[in-house]
Amino acid sequence: MVGAGPKYAHDFDPSGRPADCWVFEDLVFVQKRTTAAVGFAREEMSLTSITYDEMRPGCYDPKARLEDMDVNWVEASLCFPTFPRFCGQTFHEATDDRELGLACVEAYNDWMVEEWCGDSGGRLIPLCLVPLWDADRAAAEVRRNAARGVRAVAFSEIPPFLGLPSIHSGYWDPLFEACDETGTVVCMHIGSSSRMPSTSADAPHAVNASVAFNNAMASMSDYLWSGLMVRYPNLKLAYSESQIGWIPFLLERIDAKWRDARSWLGDGGLPEPPSHYYHNRIFGCFFDDRFGVRSRHDVGIDNITFETDYPHTDSTWPNTREVAERLMAGVPDDEIYKIMRGNAIRMLGLDLDLDRP
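Residues numbered from 1 in each chain as written. Predicted model: local features only at pLDDT ≥ 70, side-chain atom pairs only at ≥ 80, totals over all residues. Heavy atoms only, no water.

1. Some words on the overall build of the protein
What counts, and what does not: Helical segments are the DSSP runs of H or I of at least four residues, strand segments are the runs of E of at least two, and each set is numbered from the N terminus. In this description the radius of gyration comes from C-alpha coordinates, and the expected globular size is given by 2.2 Å times residues to the power 0.38. Think of it in three bands: residues with accessible area under 20% of the maximum for their type are buried, residues over 50% are exposed, and the middle band is partly exposed, with areas taken using a 1.4 Å probe on protein chains only. The contact rule is simple, with two residues in contact once any of their heavy atoms fall within 4.5 Å. Using a 1.4 Å probe, the Shrake-Rupley method yields the accessible areas, and only the shown protein chains count as cover for residues. Positive charges come from Lys and Arg, negative ones from Asp and Glu, while His and the chain ends are left out of the count. Here the site of a charge means NZ on Lys, CZ on Arg, CG on Asp, or CD on Glu.
Summing up its helical and strand segments, the protein has 14 helices and 9 strands in all. A globule of 357 residues ought to have a C-alpha radius of gyration of about 21 Å, and the protein, at 20 Å, matches this closely. Split into buried and exposed, the 357 residues of the protein put 52% on the buried side. Considering only contacts within the protein whose residues lie at least 6 apart along the sequence, 70% involve residues at least 24 apart. Of the roughly 16500 Å² of accessible surface on the protein, 51% is carried by carbon and sulfur atoms. For the protein, the centre of its 33 positive side-chain charges and the centre of its 54 negative side-chain charges are spaced 4 Å apart.

Have a look at this one:
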């Protein structure tokens, strides 16, 4: 890893460890243990290169993934992309041929719907990409996939970090309008801005990992002040792998600014406090956040979903049930149901039995 961010640099050594790679235009994407970490001991989870033969098959085979979900007591799972990166940055950054980039986005989405999720009985939930360089085409791709039942699209927490217009510019309105019309949730993973928070170029990368939620916090503030949640009343957002304990303070802070500093900050054109547009419409995702669970009523009991981070280094597989039982100790059954199952079903409009215990 090099510099603040971090970004990755590869040194190809003929005498080094073998690696399987994806190649797209001039980009060579080296598979690393950090992106296929399940099955390795914690001390073995590193940036070491890896081949598919060394990976657990659940990292790339949908039938094996379902088997690993069974082991882990997971009924259904939504999966973010790896080689295309968390919101399809690869197809935006690695080629100037926009028709090729669009063909890759469409091919990825077809594979996601038809091959990865197709035979899973609804247990693998499709998450599609959009062409980041064209908001109108992005909207068209949302509608194309919504027509075949997709209700989630990957997007960047902070598009300007990718050299793209901000959500305040109006540029993305066609995309948000399509999501509003189709009930498609805008899903944003930490790292989807290709720039992780840091304090300096020489800060330990443990600093990046510790404050990774900062981009999600900034992004949520962006959306709540943007007026988008007013203009598009069905728009829903989800923040993945950013945990939830920071959310109550952010809501308190932005409401205070809306209430007390409008004379010089403005009110964003919001007829209600910003937190009004958070409840039931913005979802936080966590995998191990004891403080967040203790603060669940301030976070919003209807705004919390649970994740496993399979197959990355933070994954709780194969011990997710034990982790969940520890986190949910003392939480009422009806609240456990919402956090562990019900909120995700409602958020994504899943064809799963809401009444199943």
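2. Overview of the environment of R341
With respect to the helices and strands, the residue R341 is situated in helix 14 (residues 333-348). For R341, a relative accessible area of 11% translates into the label buried. As for R341 and T48, which are separated by 293 residues in sequence, their C-alpha atoms are 35 Å apart.

3. Quick look at a negative patch on the surface
Rules: Residues enter patches when their relative accessible area tops 30% and they take part in no salt bridge; the joining distance is 9 Å for like charges and 5 Å for the nonpolar side chains Val, Leu, Ile, Met, Phe, Trp and Tyr. Here, a salt bridge means any side-chain nitrogen of Lys or Arg that lies within 4 Å of a carboxyl oxygen of Asp or Glu.
On the surface, E25, D26, D96 and D97 cluster together into a patch of negative charge. Of note, D96 is situated in the loop between helix 2 (89-93) and helix 3 (98-116).

4. Quick notes on empty space enclosed by the protein
Applicable threshold: Using only the protein atoms, space was sampled on a 1 Å grid; points where a 1.4 Å probe fits but cannot get out form cavities, open sets with protein on both sides within 12 Å along at least five of seven lines form pockets, and lining residues are those with an atom within 4 Å of a point. Grid points are joined across faces, edges and corners, and a volume is the space filled by probe spheres set on the points. Gly is put with the polar residues, along with every residue not named as nonpolar or charged; the nonpolar set is Ala, Val, Leu, Ile, Met, Phe, Trp, Tyr, Cys and Pro, and the charged set is Asp, Glu, Lys and Arg.
All told, the structure shown has 1 cavity of 30 Å³ or more when counted by the stated rule. Forming the boundary of the largest cavity are C128, L129, V130, E141, V142, N145, A146, V150, A152, V153 and T184. Those elements that place two or more of their residues in the lining of the largest cavity are helix 4 (135-146) and strand 5 (152-154). It is helix 4 that provides the largest number of residues to the lining of the largest cavity, a total of 4 residues. Across the lining of the largest cavity, the residue classes tally to 8 nonpolar, 2 polar and 1 charged.

5. Observations regarding the environment of S156
Just so we agree on the cut-off: Distance and chemistry together define a polar contact, namely a pair of N or O atoms within 3.5 Å, with one atom able to donate a hydrogen and the other to accept it when in protein, and with adjacent residues in sequence counting only for side-chain atoms on both sides.
Along the chain, S156 falls in the loop between strand 5 and helix 5 (173-182). With 30 residues separating them along the chain, S156 and V186 place their C-alpha atoms 9.1 Å apart. From its side chain, S156 meets the backbone nitrogen of I158 in a polar contact 3.2 Å long. Here S192 takes part through its backbone oxygen, which lies 2.9 Å from a polar atom of the side chain of S156.

6. What to know about the environment of G349
Within the secondary structure, G349 sits in the segment after helix 14. Looking at G349, the relative accessible area reads 58%, which means it is exposed.

7. Notes on the pattern of salt bridges
Going through the model one piece at a time under the given rule, you end up with 17 salt bridges. Its salt-bridge partner being E99, residue R137 comes within 2.9 Å of it at the nearest N-O pair. Remark: E99 occurs in helix 3 and R137 occurs in helix 4; sequence separation between them is 38 residues. Here R296 makes a salt bridge to E335, at a shortest N to O gap of 2.6 Å. Separated by 39 residues along the polypeptide, R296 in helix 12 (residues 296-299) and E335 in helix 14 bring together distant segments of the chain. One exposure class covers both R296 and E335, and it is buried.

8. Some thoughts on the confidence of the model for the protein
Segments scoring low in pLDDT should not have their predicted coordinates read at a detailed level. Convention followed: Note: pLDDT gives the predictor's confidence per residue, expressed from 0 to 100.
Taken residue by residue, the protein gives an average pLDDT of 92. The fraction at 70 or more is 95%. Every residue in residues 1-7 scores below 50 in pLDDT, and together they form 21 contacts with partners more than four places removed in sequence or on other chains.

9. Examining the UniProt feature "domain: Amidohydrolase-related" (unreviewed entry) in the protein
Stated formally: UniProt positions are given in the numbering used here, feature names are shortened, and annotations may be inferred rather than shown by experiment.
Per the UniProt annotation, the sites labelled "domain: Amidohydrolase-related" (unreviewed entry) are residues 54-350. Taken end to end, residues 54-350 comprises 44% helix and 8% strand; its first and last C-alpha atoms sit 34 Å apart.

10. Points about the packing of aromatic side chains
Which entries qualify depends on this criterion: What counts as a ring pair is set by centres within 6.5 Å for rings of Phe, Tyr and Trp (its six-membered ring), and what kind of pair is set by the plane angle: stacked under 30 degrees, edge-to-face over 60, tilted for all other angles.
One pass over the structure, following the stated rule, counts 15 aromatic pairs. On the basis of an interplanar angle of 90 degrees and a centroid distance of 4.9 Å, the ring pair of Y171 and W172 is categorised as edge-to-face. Judged by its relative accessible area of 0%, W172 falls in the buried class. Taken together through their ring pairs, the aromatic side chains of W22, F24, F29, F83 and F91 make up a single cluster.

11. Thoughts on helix 9 (residues 247-260)
Short version of the rule: The span one expects for a helix is its residue count, reduced by one, times 1.5 Å.
With 14 residues, helix 9 should cover 20 Å at 1.5 Å per step; its first-to-last C-alpha distance of 20 Å lies within 8% of that length. All buried positions along helix 9 are accounted for by I247, P248, L250, L251, I254, D255, A256 and W258.

12. Comments concerning the sheet that holds strand 8 (residues 282-286)
The test is simple: A pair of strands is treated as paired once DSSP finds two or more bridges between them. Axes here mean lines fitted to C-alpha atoms, for a helix over just the part in contact, with angles spanning 0 to 180 degrees between N-to-C directions.
Read across the sheet, 5 strands follow the order 5-6-7-8-9 without closing on themselves; strand pairing throughout is parallel. Taken across any chain shown, the strands that pair with only one partner, and hence form the sheet edges, are strand 5 and strand 9 (304-306). Neighbour-to-neighbour, the strand axes of this sheet turn through a mean angle of 25 degrees, independent of strand direction. Both strand 8 and strand 9 contribute to a ladder of 3 bridges, which runs parallel. Directly across from C285, in strand 9, lies its bridge partner T305.

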